[in-house]
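Structural description and commentary
Residues per chain are reported as follows:
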Amino acid sequence: MMTYNERMAEAADNELIKHIEQQELSFAQTEIGTWVSQKKKNNIGDTPQKDEQWVVRLIIKDLGGNLIEDTEQTYTIGHNELPVAVTNALSEMHHGEEVLVLAPWYTAFGQQGKKGVPPYTNVQIEVIAR
């Protein structure tokens, strides 16, 4: 199973690189394997701190641009309520900022997937910090 997951992770990384090459936005790769593009910047205020509550809107799409989910709710920072890809992006954000995250399955919804997202699915997530 470990070898299978390693091959799936490598395939995910390759798929994201090909997807990025077709985009007009510029993306920076993070240390966890996600790709992030700043859509709306705001350097005012603090970044999220553990146990703070932040209102976050997540617009989740497949790489083809098909909408999977659009939700906005309050999350408690540091309580594992969000996918790793979102937690990582949010840790650097300020209120009012927006980023687009291209997330391989292993930082998004993993081997299990979730409602509307099959297992091992790469996704794009627009993260809006309110």
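To start, this report covers the structure provided alongside it. (Residues numbered from 1 in each chain as written. Predicted model: local features only at pLDDT ≥ 70, side-chain atom pairs only at ≥ 80, totals over all residues. Heavy atoms only, no water.)

Points about the nonpolar core
Within the largest apolar cluster, 23 residues are counted, with the highest numbers of intra-cluster contacts made by Leu 58, Leu 90, Val 101, Val 123 and Val 127. Secondary-structure elements contributing two or more residues to this core are strand 3 (53-62), helix 2 (84-90), strand 5 (98-103) and strand 6 (123-129). In this structure, Leu 58 is in contact with Glu 69, Asp 70, Thr 71, Tyr 75, Leu 82, Val 86, Ile 125, Glu 126 and Val 127, ignoring residues within four places of it in sequence. Counting seven residues, the second largest nonpolar core, distinct from the first, contains Leu 16, Trp 35, Leu 63 and Leu 100. (Core = buried A, V, L, I, M, F, W, Y, C linked by side-chain atoms within 4.5 Å. Buried < 20%, exposed > 50% of the residue type's maximum accessible area, 1.4 Å probe, protein only. Helix = DSSP H or I, 4+ residues; strand = E, 2+ residues; numbered from the N terminus. Contact = heavy atoms within 4.5 Å.)

Considerations on the sheet that holds strand 4 (residues 67-76)
With antiparallel pairing, the six strands of this open sheet are ordered in space as 1-2-5-6-3-4. The sheet terminates laterally at strand 1 (28-29) and strand 4, the two strands that pair on one side only. Pairing analysis gives nine bridges linking strand 3 to strand 4, with the strands arranged antiparallel. Residue pairing across strands places Lys 61 opposite Leu 67, the latter belonging to strand 4. Along the sheet, helix 1 (residues 2-21) contacts strand 2 (35-40), strand 5 and strand 6; its crossing angle with strand 5, the most-contacted strand, is approximately 135 degrees. (Pairing = 2+ DSSP bridges. Axes fitted to C-alpha atoms, helices over the stretch in contact; angles between N-to-C directions.)

Quick look at the side chain of Thr 121
Of note, Thr 121 is situated in the loop between strand 5 and strand 6. With relative accessibility at 17%, the residue Thr 121 sits in the buried group. From its side chain, Thr 121 meets the backbone oxygen of Pro 118 in a polar contact 2.7 Å long. (Polar contact = N/O pair within 3.5 Å; in protein donor to acceptor, adjacent residues only side chain to side chain.)

These figures capture arrangement, not role.
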